[in-house]
Each structure stands twice: as structure tokens, then as C-alpha cells.
Amino acid sequence: MRSSIRAAVIVALTIGVAITPFVMTDRYILRILTFVGINLIMVAGLSLLFGYAGQISLGQAAFYGLGAYTSGYLAKAGVPWLLALVGGVAVAAIGGLLIALPSLRLKGHYLAMATLGFGEIMLFFFTETESVTGGSNGLRGIPAASIGPLEFATPVAKYFLVWSVVGIVLVLAANIVRRRPGRALRAIHGSETGAQACGIDTVRVKIQVFVLSAGLGGLAGVLYAHYVGFVSPSTFTLHYSLILVTMVALGGMGSLGGAVAGTVLLTLLPYVDAIIPGLPRSTVELIQDWTNDIYGMVLILVMLFMPRGLAGWATSLVTRFGERDRAGDSVGQGGGA
Amino acid sequence: MSMLSVRGVTKRFGGVTAVDDVSFEVFEGTIHAVIGPNGAGKSTAFNVMTGFDRPDAGSVVFEGATITGMRPHRIVRLGVVRTFQNTMLFDEMTALENVLVGMHARTRVGFLGAALSLPGVHAEERLAREQAHRILRLVDMDDVHAVPAGDLPHGQRRLLEIARALATEPRIMLLDEPAAGLNNVETAQLGETLRRIRDTGVTVVIVEHDMGLVMEVSDEIVVLNEGRKIAEGPPLLIQKDPAVIEAYLGEETPDA
Ligand SMILES: Nc1ncnc2c1ncn2[C@@H]1O[C@H](COP(=O)(O)OP(=O)(O)OP(=O)(O)O)[C@@H](O)[C@H]1O
Ligand SMILES: [Mg+2]
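Cut-offs and rules
- Residues numbered from 1 in each chain as written.
- Chains lettered and ligands numbered in written order.
- Predicted model: local features only at pLDDT ≥ 70, side-chain atom pairs only at ≥ 80, totals over all residues.
- Heavy atoms only, no water.
- Helix = DSSP H or I, 4+ residues; strand = E, 2+ residues; numbered from the N terminus.
- Rg over C-alpha atoms; globule rule 2.2 N^0.38 Å.
- Buried < 20%, exposed > 50% of the residue type's maximum accessible area, 1.4 Å probe, protein only.
- Contact = heavy atoms within 4.5 Å.
- Areas by Shrake-Rupley, 256 points an atom, 1.4 Å probe, with all protein chains shown as cover.
- Domains from an automatic or database assignment.
- Buried area = accessible area lost by both parts, 1.4 Å probe.
- Salt bridge = Lys/Arg side-chain N within 4 Å of Asp/Glu carboxyl O.
- Polar contact = N/O pair within 3.5 Å; in protein donor to acceptor, adjacent residues only side chain to side chain.
- Nonpolar A, V, L, I, M, F, W, Y, C, P; charged D, E, K, R; others polar.
- Core = buried A, V, L, I, M, F, W, Y, C linked by side-chain atoms within 4.5 Å.
- Donors = N, O, S within 2.8 Å, 3.2 Å for Na, K, Ca; no water.
- Phe/Tyr/Trp six-rings, centres within 6.5 Å; stacked < 30°, edge-to-face > 60°.
- Lys NZ or Arg CZ within 6 Å of the ring centre and 35° of its normal.
- Pairing = 2+ DSSP bridges.

Right, let's get into the overall build of chain A. Broken down by element type, chain A carries 16 helices and 2 strands. In summary, chain A has a C-alpha radius of gyration of 20 Å against a globular reference of 20 Å for 337 residues, a match within 12%. The buried share of chain A, reckoned over its 337 residues, is 50%. Of all intrachain contacts in chain A linking residues separated by at least 6 positions in sequence, the fraction that spans at least 24 positions is 79%. Accessible surface computed for chain A: about 15,000 Å², of which carbon and sulfur atoms make up 68%.

Put into C-alpha cells, the structure is as follows:
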């Protein structure tokens, strides 16, 4: 019952994503939706790390930046895009490994502080190493993505490139969460002691998922750099890292689908006027003026009143309908993706 | 030769010597009880035996290999598993998933394999789920396989932790107060379950305050008091041991 609803939703969304560029000629909306896709890749990684394994990272923006700068720099130097992409992901993943090795032995607040500090250090690095990053002026003239003769230069082509990657990433992440490694992540979240008592090398698994989330952050950064053609430090701030955490929390811990919903909602929030055309001017201004405050409020309200986020809310809805249809048919699907 | 031997283990916490030069041997195929008043050092001894605490002196040897200093997950992989005085279940996960996590060390699929659905992933998952259902049936809990552990009643939580431990395919199981909080019927069933587990070839060590259960199921008993071993032997001798009766005086009598 639940799994068939889930399948229907996934199919509908996929079709929607695929036909949007053909029915939506507005370039601006296409641009917004491409950013939704880039955020989804970021959040897929953070969802595994934070939503599933319960390990907070306030430094995801740094991996985004590492991917963006590395790949932008390499592509400008004439390296083919696919290689630049591999380089960007690798540097971000290695950065993740270097920060994970010392700090994942830390718990709770200490991990938050360590990742926050790492983010700030990287931001300083992006700003100060002018010869490589262009300093506060940023890195300009990054070429569009291309694979051999195939160039992703138009907004529609870029849209499809990003969303193809989103599709792949979400399928792979969904495969992870419903199998053994996903259960290990949730076990670590539930009780680290209990996980050890089950034979899980918790330090190793935490490092693996941290590196994975850093690599996905790097991947999103690569796509971003070649999408806008320009990167500057102001993109890779603590502010962005906090928004990503809010997206996962709003979606619901331990739910990939929830994280997707949270990401879409919060990414679209500042662009309500473009998405919902008829909205009164005053409402739009109110939302845009208060966007950051709304993000903060959402995080606090979700933590206080909706600990299971959108996913928990959806599950209880479906369960209620399901019980009316046929009582007691609980699907032991697991994963909660 | 004994299966597990505790050799001169001492563990201090600041000024408190929780375990004081304790030695004992556990033989294969037996149920071995560790008893003693509150604060005697039983749980600490378990922590040392399973890698959750490092001893200040002494060692623990399992089937000829020294396991002191190893990390807990490595000890589990050797075949030494434990449960906790305060259950350490994964509350957000279903009963079935809890048991599946117990099978972690006996299964292989990693991040890459799972992500790419490499050949063998489906087969392993299906086998693991079948096996997990079988283990749940062993403790009579298959009907609640889809219920989150956090929603289960106390007695079933205790059983689920045992089931999860069984899923690691242990050679020896250390259970810390498995009967705590159980009613008489549940305790009697637990005794049955423990014997069934022993009969499948798994050696059992229990820390337990329920003397009825201890005297009924155990082959051998070690008594700790204030960190020291004060007696050891079969149930009938322990019940009459003056040092044991003395230690329990003012608390409860061992044959209560
Ligand atoms: N992590 C710790 N830090 C400090 N002291 C500890 C710690 N763990 C145990 N102790 C102390 O060590 C002593 C033995 O504790 P332990 O938990 O091993 O006793 P126990 O025999 O399991 O008791 P109970 O029957 O109440 O469970 C107690 O005095 C306890 O306060
Ligand atoms: Mg204890």
C-alpha cells in the first residue's frame, strides 16, 4: 500500500521534471529549478550523514566550494569537464576525509563545532588565496560543462544535465538507505553503543558517510560552477550550510523523500512570486524580506513541534488512509525513504 | 580448556575499584551466572569482557586469543556478544530491522555495492531477511516484526535485544540482567529461551538479580561483592555459602 503510493509519486515527479522545460518557456523559472536540483544533490549527501546517521555537519558549504573552485580552476586551465568534475569531487572527498578522521571521534556539539570551524577556515582560504581562487572577486569565465563534442551551454541543456545527476544520485542514495549500509547508519543514530554491540565499526562507517556526503557536496559544487560560470566566496558561507541542515530537518530525519520535499520547499521560498504568479505583492515582499528569518523559524519550529518533519507527517496521513482501506496490512519495507 | 577466561582483571574509576583482581573461567556449552549486590562490579566486568571498558590490569582470553584492548565490534566478530542492563535498541527501527543490524558482521554489502545494486545484493538481502524472521520466531516475536522497537512493551524489548545478539551468530552471549522488569510468566519463558539458546551450542553468561532464575538455569555461579570475587561454584553450593549469605544480608537472600 505505502510502497505503491511512493512509486506513483516518484513516477509523477520524474515525468514532471522531464516535461517542465518543454511546457515552461520562462528562463527564470528554469534557472530556479536548476538550483533546486543542485541543492538536492547537496541535501542527498547531508541526509545520509545527518538525517540517517545523526552526525551533524555545519560545514557542507565548504565541500560545495572545494568542488566548485577545483573544477572551475581545472576547466579554465583546459582540463576536460569530466576530468575537472572528478577532480572537484575528489578534492572535496579528501577534504571530508581529513576533517572526518580527527573529528568523528568527537560527539554531538564537538562535531558541530569542528565542521563549523572547518567551513570558516575554508571560507578564509577561498578569499585569501587570490592566485588560485580569484579572492573576493571570485573565479570568472568558467566554461560550461561538456562531454566531448556535447556542450551543455543552453539553459535547457544545463537543466537536463543537473537533473540527470539528481536522478542518479537519488537512486543510488535510496539504494543505500534500504540496504545494510543504510541500516548501519540508522543504528549509529539510534544507539552508537548498540551499533558497536552488533559488530558495526562505527568510526569507520561514520568516516565513510562523511566522505560520501563531502563528495556529493563537491559534485553539486562542480555543477554549480559550470552552471553559473563564476564562483565567489560569498556562496560558500555558514549561512548556506545552515539552510541545508534546515532542509533535512524539515523533511524529517531518516527520510530521503522528506529531505527532497524540504529542499524543494525551502529553495523555492524566496522565489514564490515566480512559482505562484497570482500572489499579492505585499505577501511576496513579506516573504522575501523575511526569508532568512523564516528559515530560522522553520528550523526551531520543526525541532520543537515536528521532530519527524514532513516525512513523519506524510507517513501518518498515509497510514490513516491505509488503515481505512485494509486494516493491519503493514508493509515491512523499511528504510523509510 | 575454558572458552572464555577472565584473568586478574582490575578496573578502577577514580577512587572506586569497580572490579578488583577478578578471575574466572567459562566453559563451552554452559550457562554461567555472575551475581552480587548492587554496585558489585558485574556490569563493569561485562564491559571489560566485551571491549567497552579497558581494564587497568589483567586480561580476557577468548578461545586462546587475548581480546582485552580490542574494540567492541572486533570482539563481536570473534563471537562474543552482549546485551545491556539498559537495553540499547534502535528505537526508530522495526523489530526486524534491529535483528538485521545484528547480522551486520555476517553480511557483506557495502556503500558501493548497495548504491549500484551489484549482483548478489538482492540475494544477500533476501537471505538476511529470511534469517531475521527465523530469529524473531525463535523468541516468538515474528508477529511484531514491523513494529518500531521504541513502541514495544518492556518484556519484548528485552527479548528483541537477545534476538539481535543471536543474529550476530555468537559463540558466547553475555546477558546483563535479562529478567529485569519482567513479570513471573515472562521470566519463566526467558529461562526456557536461555536453555534453548544453550542447546543450540551458544554458551551463555548472565548477570542477574532474580535468584529463582539464576538457581534454575545456571551450571556455575560466580559471586562478586565490592569488586572482588567472593565465591564460585554450582548453584547448590553457592546457596549455602556463608560469604555469599553475608554479602547479601540486609539486601535479599540468594535463595529468595
Ligand atoms: N563509568 C563509570 N564511572 C564511574 N564509576 C563507575 C562507572 N561504571 C561503574 N562505576 C562504579 O563502579 C561500581 C560497580 O558498578 P557496576 O555497574 O559494575 O555494578 P553492578 O554490579 O553492575 O551493579 P548493578 O547490580 O546495580 O547493576 C559502582 O560503584 C559504580 O558506581
Ligand atoms: Mg549492572
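Many structure descriptions define interface size as the accessible area lost when the parts assemble. All names here are of chain B. Domain assignment breaks chain B into domain 1 (1-79 + 170-256) and domain 2 (94-167). If you look at the interface, domain 1 gives 16 residues, while domain 2 gives 11 residues. At the boundary of domain 1 with domain 2, total buried surface from both sides reaches about 1,100 Å², with 66% on carbon and sulfur atoms. Three residues stand out in domain 1 for area buried against domain 2, namely R77, P170 and M173, and they jointly supply 33% of the buried area on that side. Put simply, domain 1 and domain 2 have 0 salt bridges between them. The tally of links from domain 1 across to domain 2 stands at 4 residue pairs in polar contact (both at pLDDT 80 or more). At 5 residues, helix α7 (residues 184-199) tops the list of elements feeding residues into the side of domain 1 that touches domain 2. A class-by-class count of the residues in the side of domain 1 that touches domain 2 yields 9 nonpolar, 2 polar and 5 charged.

To continue, consider the nonpolar core. The biggest cluster of nonpolar side chains holds 101 residues, and the ones touching the most others in it are A:I41, A:V231 and A:F236. Broken down by element, this core gets its largest block of residues, 17 residues, from helix α2 (residues 27-52) of chain A. Sequence-distant contacts of A:I41, defined by excluding residues within four places in its chain, comprise A:V162, A:V165, A:V166, A:V169, A:L216, A:L219, A:A220 and A:L223. Core analysis: the second largest hydrophobic core is formed by 47 residues, B:A163, B:A167, B:M173 and B:I221 among them.

Moving on to the side chain of B:T107. Turning to its location among the elements, B:T107 is positioned in the loop between α3 (95-102) and α4 (111-116). Take B:T107: its relative accessible area is 9%, and that puts it in the buried class. Only 2.8 Å separates the side chain of B:T107 from the backbone oxygen of B:M103, close enough to count as a polar contact. A distance of 3.2 Å separates a polar atom in the side chain of B:T107 from the backbone oxygen of B:H104. Setting aside anything within four residues of it in sequence, one finds B:T107 in contact with A:R180, B:E124 and B:A128.

Residues and elements named next belong to chain B. A positive phi angle is found at S117, which is not glycine, with a value near 50°. If you trace the backbone, S117 turns up in the loop between α4 and α5 (121-138). The partly exposed category is assigned to S117, whose relative accessible area is 27%. Of note, E177 is a non-glycine position whose phi angle comes to about 50°, a positive value. Tracing the chain through its elements places E177 in the loop between β7 (172-176) and α7.

So, about the coordination of the magnesium ion (ligand 2). Under perfect tetrahedral coordination by four donors, a metal shows angles of 109.5 degrees; under perfect octahedral coordination by six donors, it shows angles of 90 or 180 degrees. Residues and elements named next belong to chain B. Protein coordination at the magnesium ion (ligand 2): the donors are S43 (OG) and Q85 (OE1), at 1.9 to 2.1 Å from the metal. Taken together, the residues S43 in helix α1 (residues 42-49) and Q85 in the loop between β6 (80-82) and α3 connect sequence positions 42 residues apart. Under the relative-accessibility criterion, Q85 is labelled partly exposed at 31%.

Scanning all chains against the criterion turns up 17 aromatic pairs over all chains. When the centroid spacing of 5.5 Å and the interplanar angle of 85° are considered together, the rings of A:Y159 and A:F160 count as edge-to-face. Given a relative accessible area of 28%, A:F160 falls into the partly exposed group. The side chain of B:R164 reaches across the aromatic face of B:F90, ending 4.6 Å from its centre.

Contact residues are listed per partner, giving 34 residues for chain A and 36 residues for chain B. Summed over the shared surface of chain A and chain B, the number is 4 salt bridges. The partner of A:D201 in a salt bridge is B:R71, with the nearest N and O atoms 3.3 Å apart. Seen at the junction of chain A and chain B, the total is 11 residue pairs in polar contact (both at pLDDT 80 or more). The set of elements that each furnish at least two residues to the side of chain A that touches chain B consists of α7 (155-177), α8 (180-190), α9 (192-197) and α10 (202-228) of chain A. Partitioned by chemical class, the residues of the side of chain A that touches chain B number 14 nonpolar, 13 polar and 7 charged.

With that settled, consider the pairing of strand β9 (residues 220-225) of chain B. Residues and elements named next belong to chain B. One ladder, built from 4 bridges, connects strand β3 (residues 31-35) with β9; its direction is parallel. Looking at β9, one finds that I35 is bridged to V223. Relative to strand β10 (residues 228-233), β9 runs antiparallel, the two sharing 5 bridges. Following the sheet pairing, V222 is matched in β10 by E232.

Scanning the entire structure with this criterion turns up 18 salt bridges over all chains. Note that B:R198 and B:D219 form a salt bridge whose closest N and O atoms lie 3.4 Å from each other. Of this pair, B:R198 sits in helix α7 while B:D219 is found in the loop between α8 (211-217) and β9, placing the two residues 21 residues apart along the sequence. Under the relative-accessibility criterion, B:R198 is labelled buried at 18%. Classification of B:D219 as partly exposed rests on a relative accessible area of 33%. Sharing partners across several salt bridges, the network here consists of A:R183, B:E125 and B:R129.

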